[in-house]
Amino acid sequence: MNWTLLVLGSVCLLVLGQDAFAHGKRNARTVTFSRAARGHGHSRHRRDTWTGPARFTACKSPLSPRDQALLLSHTHETVFQGDEGSSFTLTWVGDGTGVILVLSTLSAPSDSFYEGGSSRLYRSEDYGKSFHDVSNAIKNTFIKKDFGISAGPGNSQQVILTANLPFTETPGGVIFTSMDAGVTFRSVHLPFHPAQAIQFHYQEPKYLVAISNDDGLWLSEDFGNSWSKVHEGVHTFTWGSGITLFFSSSPKGTVEAARRGKLILRRTQDFGKTFTTIAKNIFSFRYIGGFLFTSVMEKLASPRVIYVSSDQGDRFQKAQLPSATTEQFYSILDGDEDMIFMHVDNPGEDTHFGTIYTSDDRGILYSKSLERHLFSSEGKSDFTNVTSLRGVYFTNRLEEDGRIRSVISFDRGRRWSFLKKPENVNCPDSSKKCNLHIHGEHSHFIEITPMLPLSEPTAIGLVIAHGSVGDSISAVRPDVYVSGDGGYTWWGTLRGPHHYTILDSGGLIVAVEAHRDRQISSIKFSTDEGQCWKIFNFTSHPIFLAGLASEPGTKSMNISIFGYRPDDDDQPMWVAVTIDFEHLLTRECDEQDYVQWLAHSDYDSDPETDGCLLGYKETFRRLKKLSACRNGRGYVVSRQQQTCPCTRNDYMCEYGFYLHENTSECLLQPDFLNRTQYISLNGELDDLQNTG
């Protein structure tokens, strides 16, 4: 998740970027689908207008009658008869349990018969092959649409439903808690009304935290059975390491403290019994990768700066980054315990681009990584971490001529290059610089593409994304491209926009065509990393697609297709179709189906350094593309690591220097000429003006 500190005029906002999926927002366990409330639903969307010549031919092979019949016998359709919900929110409970809870919500005016809306709760315990209405378990209570359902971390069976009750008519809210993955629920009357989703602790599900609609901070140590109000005037909070809880609050009697940068950052490490003030006069804060960041205006009307702590707020150091004026913002794009990627907006109003900086392992010193990084006015960045291969990121740049071009880094931002053209794709005749360009979050936000780029840690090297080939990115017709080596090489795999997902740890990919104006009845699947596809007709009664859903973690062989079709009264009727591919790919993979693969190899360099990245090389045991077998739920990524001799490529430029694109030399940034840079680190003054 990326967070953005937006500074608009004199207003400073902290905006959290969300993973989107289908027509809603998603996290690792939850996805929301929406539909039109009346009619077939397609009249509310733009019609498909994709045009342009075909640049490649997608490989499709027919599905044999035997396999068609076999898959049909393991295809399960659920019709949610009479459900008028305008949105479906799916939540997976636990790991490998097969339990899905579906919350159907119909919003209505507050003076209507429903008094704000109605909802239904469904439960499946067979990966979506069947659903049962369990609304009686929560007394048919109307559950909040925006943050009504939450599942506990990891393999816990805990679930919380938050009721939607009028603030003015009841002294407190109501939640329903379950300890058995939604089989039974217990109602709990709260002494407050939640203003946002109740948050689980990231490891221990009995610890809960919430903010009330009157800005009170409430904690529970027994899974919501009892609550204690520990602080007032709270704006935001986040869990730190262990049971540490950080939160920002307004001083008593302060008006618009967040807007004016007058918030106090406090910490409790004993569930609110005691507090420590760790920073004052902040605009906002964020905890990521073990680093605690705050945005501060050091003097009245001065630019904002970033302070960072790596010891849970005991000590803060000023991050060595350009300051941000009232028209600029900072955005943490990604981060872990070793490095932070920070976007700093360019000076000027609505520039739509800035500079990416990468930090040292303390989060304090930053080196320039990429200039003219695109960041749209909607607060959307295309910065993407390829989770299937260490060190790989891609994003988009706004060139000086106004074109948008994609770039990729294979060494955690040290150097960037254009993406290679896929081997099977023809370049446009007018193209002078022919490369692959990837659609990211901005294209998804404006509905050019139905999905974001996809990669998974369990599917080594596999990346799926929408894109176009040419001089720059094009919205004319986004096609689907796939890479099996983490982005070094690409293949044109599907024509036109699709929904897609990864199953069986990368051994199976499924995709469905994304149409705004017509129904679908077939799904495509590939067992060779998208080189070729087979088409399965899963129904004789087409549906309007809402989206795909599969168990997080890619271990499953089941895919659920959610959508709707008109009923006898021409009203949209929710439908879920779940296909179990386990009965098609019945053979378990054996040793002959796997191959040893050296990541980041260019096959031409010195064997001692080939594949080396930031100190070591990794060899993976991965499935051969032509092996049509099943990895299985017990599959574990196998890797061997080997230490490498350090080379120049293992070093980043020092603070105040940047890597020249052509010479790979660390050059002094223009604004650092003729001055010596000192910085106070842990109370000692260090001279940072060295060789670069």
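Nothing here was measured: the structure is a model prediction, and the numbers come from that model.

### Details of the nonpolar core
Soluble globular proteins tend to pack their nonpolar side chains together in the buried interior.
Line of reasoning, step 1. If you look at the biggest cluster of nonpolar residues, it comprises 27 residues, and the most contacted ones within it are Leu 436, Ile 438, Tyr 481, Trp 490 and Phe 620.
Line of reasoning, step 2. Elements that contribute at least two residues to this core include exactly β35 (435–438), β36 (463–470), β46 (594–598) and β47 (616–623).
Line of reasoning, step 3. When sequence neighbours within four positions are dropped, the list of residues in contact with Trp 490 reads Leu 419, Lys 420, Pro 422, Glu 423, Leu 436, Ile 438, Val 463, Tyr 481, Val 482 and Ser 483.
Line of reasoning, step 4. If you look at the next biggest cluster of nonpolar residues, it comprises 23 residues, including Phe 538, Ile 579, Leu 584 and Leu 585.

### Brief notes about the environment of Leu 508
Line of reasoning, step 1. Looking at where Leu 508 falls in the secondary structure, it is placed in strand β40 (residues 508–513).
Line of reasoning, step 2. The spatial distance from the C-alpha of Leu 508 to the C-alpha of Ser 556 is 9.9 Å, given a sequence separation of 48 residues.
Line of reasoning, step 3. In contact with Leu 508, not counting residues within four places along its chain, are Thr 501, Ile 502, Leu 503, Phe 525, Ser 526, Thr 527, Phe 581 and Leu 585.

### Comments concerning the pairing of strand β37 (residues 479–483)
Line of reasoning, step 1. Within β37, five of the five residues are buried, which leaves it mostly tucked inside the rest of the structure.
Line of reasoning, step 2. Pairing between β36 and β37: five bridges, direction antiparallel. Bridging from a neighbouring strand, His 466 pairs with Val 480 of β37.
Line of reasoning, step 3. Looking at chain direction, β37 and strand β38 (residues 491–494) are connected through three bridges and run antiparallel. Looking across to β38, one finds that Tyr 481 is bridged to Gly 492.

### A few points about the pattern of salt bridges
Between side chains of opposite charge, a pair can form when the charged atoms approach closely.
Line of reasoning, step 1. For the coordinates displayed, the defined rule picks out 29 salt bridges.
Line of reasoning, step 2. Taking the shortest distance from any N to any O, the salt bridge between Arg 477 and Asp 479 comes out at 3.3 Å.
Line of reasoning, step 3. Arg 477 gets classed as partly exposed once you look at its relative accessible area, which sits at 22%.
Line of reasoning, step 4. A salt bridge links Asp 593 to Arg 587; the nearest nitrogen and oxygen atoms lie 2.9 Å apart.
Line of reasoning, step 5. Judged by relative accessible area, which is 37%, Arg 587 ranks as partly exposed.
Line of reasoning, step 6. Through salt bridges that share partners, Arg 390, Glu 618 and Arg 639 make up one connected network.

### Topic: the sheet that holds β35
Line of reasoning, step 1. With antiparallel pairing, four strands are arranged side by side in an open sheet as β35-β36-β37-β38. Lying at the two open borders of the sheet, with one neighbouring strand each, are β35 and β38. Across this sheet, the average inter-strand angle for adjacent strands is 55°, counted without regard to direction.

### Digging into the state of the cysteines
Line of reasoning, step 1. Considering all chains together, one arrives at four disulfides under this definition.
Line of reasoning, step 2. Residue pairing for Cys 59: its cysteine sulfur links by disulfide to Cys 532, the two sulfurs lying 1.8 Å apart. Looking along the S-S bond of the Cys 59-Cys 532 disulfide, the torsion reads about -65°, which is the left-handed sense. Taken together, the positions of Cys 59 in the loop between β5 (30–34) and β6 (60–61) and Cys 532 in the loop between β41 (522–526) and β42 (533–537) put the pair 473 residues apart, joining distant regions of the chain.

### Let's talk about the packing of aromatic side chains
Line of reasoning, step 1. Tallied over the full model, the rule gives 27 aromatic pairs.
Line of reasoning, step 2. Arranged with centres 5.3 Å apart and planes meeting at 75°, the rings of Phe 192 and Trp 227 form a pair that is edge-to-face. You can see Phe 192 sitting in the loop between β15 (186–189) and β16 (199–200) and its partner Trp 227 sitting in the loop between β18 (217–220) and β19 (228–231), a full 35 residues away along the chain. Of the two residues, Phe 192 and Trp 227, neither departs from the other in class, the shared state being buried.
Line of reasoning, step 3. Over the ring of Tyr 616 we find Arg 390; its NZ or CZ atom is 3.7 Å from the centre of that ring.

### Let's talk about the side chain of Thr 89
Line of reasoning, step 1. With respect to the helices, strands and loops of the structure, Thr 89 is situated in strand β8 (residues 87–93).
Line of reasoning, step 2. Side chain to side chain, Thr 89 and Thr 32 meet in a polar contact 3.2 Å long.
Line of reasoning, step 3. Excluding its chain neighbours within four sequence positions, the residues that come into contact with Thr 89 are Thr 30, Val 31, Thr 32, Leu 101, Val 102, Leu 103 and Ile 149.

### Examining helix α1 (residues 65–73)
Two residues of an α-helix separated by three or four positions point the same way, owing to the 3.6 residues in each turn.
Line of reasoning, step 1. For α1, the complete set of buried residues consists of Asp 67, Gln 68 and Leu 71. Relative to the axis of α1, the buried residues are bounded by an arc of 105° and lie together on one face. The exposed set on the far side of α1, more than 90 degrees from its buried face, consists of Pro 65 and Arg 66.
Line of reasoning, step 2. Buried residues along α1 sit against β7 (75–79), β41, β42 and β45 (572–580).

### Regarding the confidence of the model for the chain
Line of reasoning, step 1. On average, the chain scores 86 in pLDDT, and the residues at 70 or more come to 88%.
Line of reasoning, step 2. A low-confidence stretch, residues 109–115 stays under pLDDT 50, and its non-local contacts, those more than four residues away or across chains, total six contacts.

How each quantity is defined
Residues numbered from 1 in each chain as written. Predicted model: local features only at pLDDT ≥ 70, side-chain atom pairs only at ≥ 80, totals over all residues. Heavy atoms only, no water. Core = buried A, V, L, I, M, F, W, Y, C linked by side-chain atoms within 4.5 Å. Buried < 20%, exposed > 50% of the residue type's maximum accessible area, 1.4 Å probe, protein only. Helix = DSSP H or I, 4+ residues; strand = E, 2+ residues; numbered from the N terminus. Contact = heavy atoms within 4.5 Å. Pairing = 2+ DSSP bridges. Salt bridge = Lys/Arg side-chain N within 4 Å of Asp/Glu carboxyl O. Axes fitted to C-alpha atoms, helices over the stretch in contact; angles between N-to-C directions. Disulfide = S-S within 2.5 Å. Phe/Tyr/Trp six-rings, centres within 6.5 Å; stacked < 30°, edge-to-face > 60°. Lys NZ or Arg CZ within 6 Å of the ring centre and 35° of its normal. Polar contact = N/O pair within 3.5 Å; in protein donor to acceptor, adjacent residues only side chain to side chain. Arc of directions from axis to C-beta. pLDDT = per-residue confidence, 0-100.

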